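For reference, the chains in residue letters:
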Amino acid sequence: MKLHLKYVLIVFCFFGTIQVFAQNSQLRSYTIADGLPQSQVYDILQDDMGYLWLGTQGGGLANFDGDAFEVWNESDGLPSNYINALYYSNDSLFVGSRKGLSIKVKNRFINFESPQILQIYSAENTLFIGTKKGVYRYSKNKELQKITINPEIDRSEVNSILFDGNWYWLATNNALWKLNELSESATEQSKVEINNFKSVLLHNNKILAATFDDGVFIMDVENTDDQFLMPEPSRINSMSIQNEDELWIATDNDGITIVETEKFSEIKRLNTAGGLATPHIRKVINDDNGNLWIATSGGGFYKYFQNNFKHFDERTGLKGNRIYAVHNALDGLWFSTSEAGLSKIDSTGIHPLPNEGSFFDVKIKTITSDVKGNIWAGSDNRGLLFRETKMVDSLVFSSSETYLIQIDTVSVERTTNHIIDESKGFPSDWVRTIIAEDDYTWAATYAHGIVKFNYYSENDSVKVRKTFSMRDGISDMLIRDFVKAPNGTFWYATQNGHLGYIENNKVTVVKTGLEQQTAIGTVLFHEDYIFLGTSGKGIWYANSTDPSHFQQLKGAKNLSSNNIYQLIFDDQGYLWAGSERGVDKIEMNSANEIIDIYHFGRNDGFLGIETCLNAVDKDEQGNLWFGAIYGLTKHIPSESKKASLPPTVYFTGVEERYKNIDSLILKDWTNSNKVLQLTPEQTQLGFSFRTVDVDHPNEIEYRTKLDDTDWSPWVKENKQNFAGLAYGPHDFSVQSRNFRWQESEPIKFSFFIDSPMYKKDWFQWSVLALAILVLLGIGLFYIRKIKAKNKAEQERLKTQNYLLTLEQKALQLQMNPHFIFNVLNGVKAMAGTKPEKMDATINSFAILLRETLQNSRKEHISLDQEIKALRHYIEVEKLMAQKPFEYTINIETKPDAEEILIPPMLIQPFVENAIRHGILKGDKPGRLSIGFTTSKTHLHCSIIDNGLGIFKSQNEKPKTDHQSMALTVTKERLESISGANTLHISEIKNEDGSIDGTKITFKIPLLTDY
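Definitions and limits used
Residues numbered from 1 in each chain as written. Predicted model: local features only at pLDDT ≥ 70, side-chain atom pairs only at ≥ 80, totals over all residues. Heavy atoms only, no water. Helix = DSSP H or I, 4+ residues; strand = E, 2+ residues; numbered from the N terminus. Buried < 20%, exposed > 50% of the residue type's maximum accessible area, 1.4 Å probe, protein only. Phe/Tyr/Trp six-rings, centres within 6.5 Å; stacked < 30°, edge-to-face > 60°. Lys NZ or Arg CZ within 6 Å of the ring centre and 35° of its normal. Pairing = 2+ DSSP bridges. Axes fitted to C-alpha atoms, helices over the stretch in contact; angles between N-to-C directions. Core = buried A, V, L, I, M, F, W, Y, C linked by side-chain atoms within 4.5 Å. Contact = heavy atoms within 4.5 Å. Expected span 1.5 Å × (residues − 1). Patch = residues over 30% accessible without salt bridge, like charges linked within 9 Å, V, L, I, M, F, W, Y side chains within 5 Å. Areas by Shrake-Rupley, 256 points an atom, 1.4 Å probe, with all protein chains shown as cover. Salt bridge = Lys/Arg side-chain N within 4 Å of Asp/Glu carboxyl O. Parallel < 35°, antiparallel > 145°, perpendicular 65-115°, else oblique. Left-handed = near helix turned anticlockwise from the far one by under 90°. Nonpolar A, V, L, I, M, F, W, Y, C, P; charged D, E, K, R; others polar. Arc of directions from axis to C-beta.

1. Side note on unusual backbone geometry
Omega for the bond connecting Glu232 with Pro233 falls within 30 degrees of zero, at 0°, which places this linkage in the cis form. With respect to the helices and strands, Pro233 occurs in the loop between β21 (227–230) and β22 (236–242). For the bond from Lys894 to Pro895, the omega torsion is 15°, close enough to zero to count as cis. Positive phi, close to 50°, is recorded for Asn90, a residue that is not glycine. By the element assignment, Asn90 lies in the loop between β6 (83–89) and β7 (92–97). Given a relative accessible area of 64%, Asn90 falls into the exposed group.

2. Concerning the packing of aromatic side chains
Per the counting criterion, the structure on display carries 52 aromatic pairs. Both rings, one in Tyr87 and one in Phe94, keep their centres 6.0 Å apart while their planes meet at 50°; by these two values the pair is tilted. Through a chain of ring-to-ring contacts, the aromatic side chains of Phe651, Trp669, Phe687, Phe689, Tyr702, Phe722, Phe732, Phe749 and Phe751 assemble into a single cluster. When the ring centre of Trp167 is taken as origin, the NZ or CZ atom of Lys178, which lies over that ring, is 4.5 Å away. Above the plane of the ring of Tyr598 lies Lys585, whose end atom (NZ or CZ) is 5.7 Å from the centre.

3. Overview of the sheet that holds strand β38 (residues 431–436)
A sheet is described by the order of its strands in space; here four strands give the open sequence β38-β39-β40-β41, paired in antiparallel fashion. Two strands lie at the open edges of the sheet, namely β38 and β41 (461–468), each paired on one side alone. The sheet shows a mean angle of 25° between the axes of neighbouring strands, direction not considered. In this sheet, strand β39 (residues 441–445) lies alongside β38 in antiparallel orientation, the contact comprising five bridges. Bridge pairing links Val431 to Thr445 in β39.

4. Quick notes on the side chain of Asn81
Residue position: Asn81 is located in the loop between β5 (69–72) and β6. Assessed through its relative accessible area of 14%, Asn81 is described here as buried.

5. Things to note about the nonpolar core
Within the largest apolar cluster, 41 residues are counted, with the highest numbers of intra-cluster contacts made by Ile874, Ile907, Val911, Leu928, Phe932, Ile943 and Phe1002. Tallying contributions element by element places helix α6 (residues 863–880) first for this core, with seven residues. In this structure Phe1002 touches Leu906, Ile907, Phe910, Leu939, His940, Cys941, Ile943, Leu974, Thr982 and Leu983, once residues within four positions along its chain are discounted. Counting residues in each nonpolar core, the second largest holds 30 residues, with Ile161, Tyr168, Trp169 and Phe217 among its members.

6. Examining α6
Taking 1.5 Å per residue as the helical rise, α6 with its 18 residues ought to reach 26 Å, and the 26 Å between its terminal C-alpha atoms agrees with that figure. Of the residues making up α6, those classed as buried are Leu863, Glu866, Ile867, Ala869, Leu870, Tyr873, Ile874, Val876, Glu877 and Met880.

7. Concerning a nonpolar patch on the surface
Where nonpolar side chains cluster on the molecular surface, the patch consists of Leu770, Val774, Ile778, Phe781, Tyr782 and Ile786 and spans about 610 Å² of accessible area. Mapped onto the fold, Tyr782 is located in helix α4 (residues 761–830).

8. What about the packing of helix α5 (residues 835–856) against α6?
It is the contact of α5 with α6, at a shortest axis distance of 9 Å, that shows an interaxial angle of 160°. Taken together, the axes of α5 and α6 are roughly antiparallel relative to one another. Of the two elements, α5 crosses α6, and the hand of that crossing is left-handed. Touching Lys837, Ala840, Thr841, Ser844, Phe845, Ile847, Leu848 and Glu851 of α5 are Lys868, Ala869, His872, Tyr873, Val876, Lys878, Leu879 and Met880, all from α6. Across the contact of α5 with α6, the residue classes break down as nine nonpolar, three polar and four charged.

9. Here we look at the sheet that holds β6
Taken together, the four strands give an open sheet; going across it, the order is β6-β7-β8-β9, and neighbouring strands pair in antiparallel fashion. Of all the strands in the sheet, the pair left with one neighbour each is β6 and β9 (108–113). Across the sheet, the mean angle separating the axes of adjacent strands is 20° when strand polarity is ignored.

10. Remarks on α5
End to end, α5 covers 30 Å across 22 residues, agreeing with the expected 32 Å (1.5 Å per residue, within 8%). Among the residues making up α5, those that are buried are Met838, Thr841, Phe845, Leu848, Glu851, Thr852, Asn855 and Ser856. Relative to the axis of α5, the buried residues are bounded by an arc of 150° and lie together on one face. Away from its buried face, by an angle of more than 90 degrees, α5 presents the exposed residues Glu836 and Asn843.

11. Observations concerning the pattern of salt bridges
Oppositely charged side chains may form a pair once their charged atoms are brought near each other. Scanning the entire structure with this criterion turns up 28 salt bridges. For Lys283, the salt bridge is made with Asp43, and the minimal N-O distance between the two is 2.8 Å. With a gap of 240 residues between them, Lys283 in strand β26 (residues 281–286) and Asp43 in strand β2 (residues 41–46) connect regions that are remote in the sequence. The buried category is assigned to Asp43, whose relative accessible area is 5%. Its salt-bridge partner being Asp996, residue Lys924 comes within 2.9 Å of it at the nearest N-O pair. Of this pair, Lys924 sits in the loop between α7 (908–919) and β68 (926–934) while Asp996 sits in strand β71 (residues 995–1005), and the two are 72 residues apart along the sequence. Using a relative accessible area of 29% as the deciding quantity, one classes Lys924 as partly exposed.

Put into structure tokens, the structure is as follows:
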């Protein structure tokens, strides 16, 4: 072995002066408690879909989607639960165990026996297997074959295989080999170094070969004599290149050593002191999102963050994990931990305060400082702490060689803790918030209002200036936040959603528009706006100069939670909101509309998870400090952003009537021209699909569509079932989006449901043709019979129509003689006594008779002609009447009376009956009213008289053969025209029950002459 001395000296020099760069690195562990089947993870990889696959020692095989584990072991077909190596290709997972090779295809395993497998490596379209006894090859014809190279290699443990494009490198337990091919016919075989080699890599045209005990050899690919040894670390299990130029070396006793690959100097070490549960590291990989994953033996596996968060908890020096209050003061950041008093962080580290007295063993819920740097803290049930720091004079004695004593006076800093509670006259021991002013100190208590007071440390006395409570207008005493606005007013918010401010010792209540019982937990002023964080209703804001109209903060994205515990603006103008799910970084425009939201939870490096109410502050460097239930988290502002790639969605299953179609290789069917052919009975299909995001597994949403329909709403359900699908071609499409609302490219699966025979075109056309022939035959058979029947029916209808016409004529003839008979009787009565009136009557009657004879020849006349005839008839009756009477004819028709057709002499019988048997038999002046109106389909007629009443008149007149003949005939005519029950006759009654006349109404179908 030839080593260049200068390189060895350089390496020792760098290791002698280790440079540890300050990085904000976080570790998130996954163990048996999270569902991992075994804590010893020997290999880890990520497949094309994004799943992490884990090979364990004794727990079998597991996959991980960022949230849950799925496990396969010997009961599922694996030959051994002890897995050393994994490899993924073409939807198949290759598993190397103690008993050989297993290939997982869907949910079944194909097993091959071999010696214990140590590595699986692909090169030149061949899968090489490193085992305890040489190298094996998995061939395309699905066979596992031993490769005979030379006796020494064939009986060695092959820990690592590398192909650099020209040469194969084998790291075995006894040497590092270089070969031009992996076969017995290899023309060039050389043993480069003798040692127990565990791993071999190619980087920047250099071979990096790690030994178990003696460090890492770095050598030129072509000239292996040009090499040097990096002696530390030792006991190496594996190596990997991360972040382009970092060599991550996994050891079995000292965690991970990270080395830069230019001068191979150590950057940092990641071991148990940095948060790992065990120093035994098996492998390090990176995923598609830029995270690093660390497989350990005994500690499960870890997700390693490189981000802008730095986390503090009990492991890193805190006295407790739950952080109730955070405050940035002149001398550092002060915070309180769960029942463990106060602590301070400054440039020299974490400094817990001694637990002096009873004040420090309770919950300290608020911390602030005054202009002199004194610390104020409020607690639950122990009052206030005033931590006073001041300079005092101290005497210093010194002596000289002449034994003369010299006294000097120097100023020293002295800190004194003062407790302010009810025993000293303070109104309450339960303090929510403190504001320290130059003149006064303000304290918001839980149930005793807001206290304005002065404390005098010289004589340990409290002077309460004023207590603001219900009598001052604060109706809800459960105060959750109390802040000072830029204009000097003091604002409070309460558990029941009340908001108000104090100005000049006067309380003003502000109406927010929030529902009652909506707790307001935090109040924040920024520029010209006031922001409110609520419990369950998100963030609200209003103009601070006119806070009369609050509105909810909304925009393109939604908050990760509407329970807001913390609000703070950073120096870049982003609003940060803490909740039970972590923190949201909110980007807004000038109109306070949400443009974007960046959520940080446990999987993003915010390991504190649930934040505590108003435990947040910003230091002079612009760093944000968040108090949470699992520790204190510092956010260091940076312009760099972790790249977030759009998601990719995959089909994971196709089911027909709830049975998976296992024969499909879904990757080949996705977005392809392939069409799944289904029978007419296979109309019930189900599709499952998945996007795997190990960072935010529960934030993936999907939408689907069938054919050219609209996309469905975004949902988290990753299955879609269809029943009763239509026959024919279909395309099912699905798309996903991640927590950033970045959308994947849609994927499509095509299928075709065949029609049943009776639905096929040729079958339908054949049936149709046969039906036509049958119908033609039947038609030809019956056509003559139908013609004959139709002819007979036509003759019958003609005869019937002729008879109906004769019947109508007969009805008219029945009426007309009766009318003439009545008129002639009247003329006869006037012959002897009133000859002039008789002459006028005869003349009028002659005109009427002529119209009647003319109209009787017609089937229909116009309503106008009928009204003219009625007028002539009424005039005749007036001439013959023994007493005068008046009549009116009202016409309100549409169309006009000239356009409406009615049968002749249809109304005259009713008018005659109203005059002769109604008006003329009464003892009061007669009055006759005739009216015509129309509806859409009928002509309506009414005849109203003020006579004796039809029923009384019928009872009193003699029983003659022609009694009511006109009414009977006319009623029959109406029934033949309009049907039964179309005629209505009723008596008109006064309020005292006496009869005031008769009303006759009927309707006939509306008929016009156009």
